[in-house]
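# Coordinates in review
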Amino acid sequence: MSLLVKETQQELRRRIIDALGRAVANEQLPAEPIPDFNIEKPSNSANGDFSANVALAGAKAFKMPPRSIAQAVVDNFDIEGSLFERVEIAGPGFLNFYLSQQYYSEIIKDIAAKGGEYGKSDFGKGKSVLVEFVSANPTGPMHIGNARGGAIGDCLASVLEYAGYDVAREFYVNDAGNQIEKFGISLEARYLQLYKDGIELPEDAYHGADIAEHAKAFAQEFGDKYVETSSEERKAALVAFALPKNIEGLERDLLSYRIKYDNWFKESTLHNNGAVDEIIEKFKALGVTYEQDGALWFKASEFGNDKDVVLIRANGIPTYIVPDIAYHYNKLETRGFTKAVDVLGADHHGYVPRMKAALKALGIDEGRLDCVIMQMVRLVRNGETIKLSKRSGKAITLTTLLEEVPIDAARFFFNLREPNSHFDFDLDLAVQENSQNPVYYVQYAHARICSILKKAQAEGVTLRTPTDAELNLLTAPEEQELVRHLSTLTDEIIASAKAYDPAKITHFVIELATLFHKFYNAHRVMVEDEGLMQARLQLCIAVRDTIKNVLTMMKVTAPESM
């Protein structure tokens, strides 16, 4: 929560405790230890700005009906010098507290003072968090799921930063293992097809056009040099040629999507520096492995997984889980991040308990790894699911998606739903320039405020800081509702960080735009009353700055005109 909201809540707690103390002194309540109680913000503002359950929580200790306890608090509650104007008893004994007009003025002043920092907090206490997301297979282009994962992961990293964590973004490059072997086989077949007849591409190979393009580019540079070499030498040369180009392409495409990673971590480094072998030896030394049918197994079922896991196959080759364990060990122990957050696809539900079991066996608190499971995306056009690009006729990738819809729309839309929900991406809606398009709706609110301010200046109005008395003129329900929502931004960011759900921020800014449009349609800003006009202009500035802060967090533009 913002410092002002936090301080107000803390002040309310102190005043409630003081009221209980006076009630005991007045013999309205027995001398018993003060019970623990909660203070919350009611979802319905009609029930006050804050609500406390102290009367219900104290019923057992005081051996009194909750409403009698509540009345004792009300009788002894001191409003003098506070930002509260009244307190009421509701239902079985809830206490609802209503803030004074001065509180709303203080919120606007707080936003003006913080500017671009409004919404940030020290909730995370600077703890280091590594957010790994996308980590697409480097053997081909990024698919639409990667597009959603990129938007979610990048926005989540920003949310965590705003919530006071020290965040690093990382892409894990799977440049070793089965997929790279398949990549080599696919490239080899396409390369040999250029020089020999009768060469067929294996059924389980990669059949994308990019494989043939890599083979042609390789042939242009090296000719038939590798046609008669050993298969291993040929595949190694082809992979060494094509893989860096694919990785460069991933980085380029993600940068165009406004995602910049702090680190690109290659799986191959874990094989080359012995980290994979060290993990195997650690498991053996801990006595958590056994051999069966020539394979080495991890006793994962003893550490919370539903079954044991193969570490090394009978052919002596480690399974994919081993370098992944080494990678997470590197994150949490070697590099010492407090927390690792993985944004994973829907097919990783079984992966999470396996990885947590491995960390637990290694003596690492498995709670230091959190995984965000992201569900599938359906692309919809004219109400029907589509899989092919309108322009190219090929499967839609991240690149082709951004050819069809604006980056702002893509990033915003992918954060409209919480990650673990299926999402229909409406391609038609994403390009519409009207209020039906949520990103346009929010951006238009920002642009409208910029237009109001420009018009005011054009009419000779000098924007100035309004006095408290002028800000206290903002008493209309639409004005107070708007300020009340503005005051919740820091809380929403913290809630988003706790839940690993950036959609909470998206919903916040859509609601803010809705409330602003509601206010604008109900009240003129440029009124004859100079004080009220300056107060409303300041309110507009507070909304503008807050929208910009949220869109900046999401890496979505905040246009000044539309």
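These notes cover the structure that comes with them. (Residues numbered from 1 in each chain as written. Predicted model: local features only at pLDDT ≥ 70, side-chain atom pairs only at ≥ 80, totals over all residues. Heavy atoms only, no water.)

For the rest of this paragraph, the subject is the sheet that holds strand β2 (residues 50–52). Reading across the sheet, the 4 strands line up as β1-β2-β4-β3 and stay open at both edges, with antiparallel pairing between neighbours. Every other strand in the sheet has two partners, leaving β1 (39–40) and β3 (84–90) as the edge strands with one partner each. The sheet contact formed by β3 and strand β4 (residues 94–99) spans 6 bridges and is antiparallel. The partner of Ile89 across the bridge, within β4, is Leu95. Packed onto the sheet, helix α4 (residues 66–76) meets β3 and β4 and runs at close to 165 degrees relative to β3. (Pairing = 2+ DSSP bridges. Helix = DSSP H or I, 4+ residues; strand = E, 2+ residues; numbered from the N terminus. Contact = heavy atoms within 4.5 Å. Axes fitted to C-alpha atoms, helices over the stretch in contact; angles between N-to-C directions.)

Here strand β15 (residues 423–426) shows one buried face, formed by Phe423 and Phe425, and one open face, formed by Asp424 and Asp426. Of the strand pairs in this sheet, strand β13 (residues 377–381) and β15 are connected by 4 bridges, and their pairing is parallel. Within β15, the residue paired with Leu379 across the bridge is Phe425. (Buried < 20%, exposed > 50% of the residue type's maximum accessible area, 1.4 Å probe, protein only.)

Moving on to the environment of Asn382. Secondary-structure assignment places Asn382 in the loop between β13 and β14 (384–386). In this structure Asn382 comes out as exposed when scored by relative accessible area, which is 66%. Remark: the alpha-carbon pair of Asn382 and Asp428, spanning 46 residues in sequence, is separated by 7.0 Å.

Let's shift gears to the sheet that holds β14. Two strands in a sheet stick together by hydrogen bonds in their backbones, pointing the same way (parallel) or opposite ways (antiparallel). With respect to topology, 3 strands assemble into an open sheet ordered β14-β13-β15, the strand pairing being mixed. Strands with a single pairing partner mark the edges of an open sheet, and in this sheet they are β14 and β15. Adjacent strand axes in the sheet meet at a mean angle of 50 degrees, parallel and antiparallel pairs treated alike. Direction of pairing for β13 relative to β14: antiparallel, over a ladder of 3 bridges. Along β14, the bridge assignment pairs Val380 with Thr385.

Here we take up the environment of Ala90. Along the chain, the position of Ala90 falls in strand β3. Owing to a relative accessible area of 23%, Ala90 belongs among the partly exposed residues under this scheme. A C-alpha to C-alpha distance of 8.6 Å links Ala90 and Arg67, two positions 23 residues apart in sequence. Beyond its immediate stretch of four places on either side in the chain, Ala90 contacts Arg67 and Asn96.

So, on to helix α22 (residues 530–553). With 24 residues, α22 should cover 34 Å at 1.5 Å per step; its first-to-last C-alpha distance of 35 Å lies within 8% of that length. In terms of residue burial, α22 counts as a mostly covered element, since 20 of its 24 residues are buried. (Expected span 1.5 Å × (residues − 1).)

Their axes nearest at 9 Å, the elements helix α6 (residues 144–162) and α22 cross at an angle of 125 degrees. Taken together, the axis directions place α6 and α22 in an arrangement best described as oblique. Between α6, through Ser158, Val159 and Tyr162, and α22, the contact on the second element is made entirely by Asn549, Thr552 and Met553. Class assignment for the residues of the contact of α6 with α22 results in 3 nonpolar, 3 polar and no charged. (Parallel < 35°, antiparallel > 145°, perpendicular 65-115°, else oblique. Nonpolar A, V, L, I, M, F, W, Y, C, P; charged D, E, K, R; others polar.)

One pass over the full model with this rule turns up 29 aromatic pairs. Taken together, a centroid distance of 4.3 Å and an interplanar angle of 20 degrees make the contact between Phe171 and Trp264 stacked. You can see Phe171 sitting in strand β6 (residues 166–173) and its partner Trp264 sitting in strand β7 (residues 263–266), a full 93 residues away along the chain. The two residues Phe171 and Trp264 agree in class, both being buried. An aromatic cluster is present here, built from Tyr191, Tyr195, Phe218, Phe222, Tyr226 and Phe241 joined pairwise through their rings. (Phe/Tyr/Trp six-rings, centres within 6.5 Å; stacked < 30°, edge-to-face > 60°.)

All chains considered together, the criterion is met by 31 salt bridges. Of the charged contacts, one joins Arg411 and Asp154 as a salt bridge, the two residues approaching to 2.9 Å between their closest N and O atoms. With a gap of 257 residues between them, Arg411 in helix α15 (residues 407–413) and Asp154 in helix α6 connect regions that are remote in the sequence. For Arg411, a relative accessible area of 2% corresponds to the buried category. Connected through salt bridges with shared partners, the residues Asp154, Glu161, Arg169, Arg411 and Lys555 form a single ionic network. (Salt bridge = Lys/Arg side-chain N within 4 Å of Asp/Glu carboxyl O.)

The nonpolar side chains of soluble globular proteins are, as a tendency, buried together. Ile16, Phe97, Leu401, Phe414 and Phe425 are the most contacted members of the largest nonpolar core, which totals 141 residues. No other element matches α22, which puts 13 residues into this core. Excluding residues within four positions of it along the chain, Phe425 makes contact with Val377, Arg378, Leu379, Val380, Leu401, Val405, Ala409, Ala410, Phe413, Phe414 and Ala430. One finds Val276, Leu332, Met355 and Leu362 within the second-largest nonpolar core, a separate group that totals 35 residues. (Core = buried A, V, L, I, M, F, W, Y, C linked by side-chain atoms within 4.5 Å.)

On their own, these measurements won't tell you what the molecule is for.
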